[in-house]
Amino acid sequence: GKDHRVQVEGKGIIDIAVYESKDAMAIFLVNLTNPMMMKGPFREVYPIGQQKLSIELPEGRKPGAMKLLVGNEAVSSRIVGHRVEILVPSIEALETVHLIWQS
């Protein structure tokens with residue numbers, strides 16, 4: 001019944017992995033969208049469009065610096081309740097969102 005710590009909303013099939021430390025979080029988004037995804041190695045990459053990440057804020061923390069590591073660009077965010085929302089413009093094969101928490 002509890003919401004997941006990290007949620008992704010958008011079209012496509014994505015595998016999500018999360019790495020957390022005391023002061024930061026890295027969210028790895030792997031684009032699995034492919035008509036042959038269950039038939040062995042990918043033969044072609046099918047880029048997907050905008051994805052909305054919703055991340056539960058750690059107790060007593062707020063978001064600081066945020067960056068897309070593969071796209072090498074800063075991202076904007078907004079706080080909605082006890083979560084921070086980030087828009088990832090697109091994902092080709094992989095994107096990593098890196099967040100640094102502030103007290």
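Presented here is a report on the structure given in the accompanying data block. (Residues numbered from 1 in each chain as written. Predicted model: local features only at pLDDT ≥ 70, side-chain atom pairs only at ≥ 80, totals over all residues. Heavy atoms only, no water.)

**Thoughts on the pairing of strand β4 (residues 51-56)**
The condition is simple: Two strands qualify as a pair provided DSSP detects at least 2 bridges between them. The way it works is that DSSP assigns letters per residue, a run of H or I at least four long becomes a helix, a run of E at least two long becomes a strand, and they are numbered from the N terminus.
Here strand β1 (residues 6-9) pairs with β4 via four bridges, running antiparallel. Paired with V6 across the strands is I55, a residue of β4. Pairing of β4 with strand β8 (residues 83-88), which is carried by six bridges, proceeds in the antiparallel orientation. Following the sheet pairing, L53 is matched in β8 by I86.

**Re the sheet that holds β8**
Applied cut-off: Here an axis means a line fitted to C-alpha atoms, over the contact stretch when the element is a helix, while the angle between two N-to-C directions is reported on a 0 to 180 degree scale.
If you walk across this open sheet you meet the four strands as β1-β4-β8-β7, and the pairing is antiparallel. The open sheet has two edge strands, β1 and β7 (77-80), and neither has a second partner. Ignoring which end each strand starts from, the neighbouring axes of this sheet average 25° apart.

**Looking at a nonpolar patch on the surface**
Heads up, the condition is: Patch definition: residues above 30% relative accessible area lacking any salt bridge, with like charges linked at up to 9 Å and the nonpolar side chains Val, Leu, Ile, Met, Phe, Trp and Tyr linked at up to 5 Å. Exposure was quantified through the Shrake-Rupley algorithm and a 1.4 Å probe, taking into account, for residues, occlusion by the shown protein chains and nothing else. We define a salt bridge as a side-chain nitrogen of Lys or Arg found within 4 Å of a carboxyl oxygen belonging to Asp or Glu. Throughout this description, buried means an accessible area under 20% of the type-specific maximum (1.4 Å probe, protein chains only), exposed means over 50%, and partly exposed covers the range between.
A cluster of nonpolar side chains, contributed by Y19, F28, V70 and L94, occupies part of the molecular surface with about 380 Å² of accessible area. Among the structural elements, F28 can be located in strand β3 (residues 24-31). F28 sits in the partly exposed class, given a relative accessible area of 33%.

**Considerations on the sheet that holds β3**
Sheet architecture is open: five strands sit in the order β2-β3-β9-β5-β6, paired in antiparallel fashion. Sheet topology places β2 (14-20) and β6 (73-74) at the edges, where each strand pairs with a single neighbour. Of the strand pairs in this sheet, β3 and strand β9 (residues 94-102) are connected by seven bridges, and their pairing is antiparallel. Opposite L29, over in β9, you have E95 as the bridge partner.

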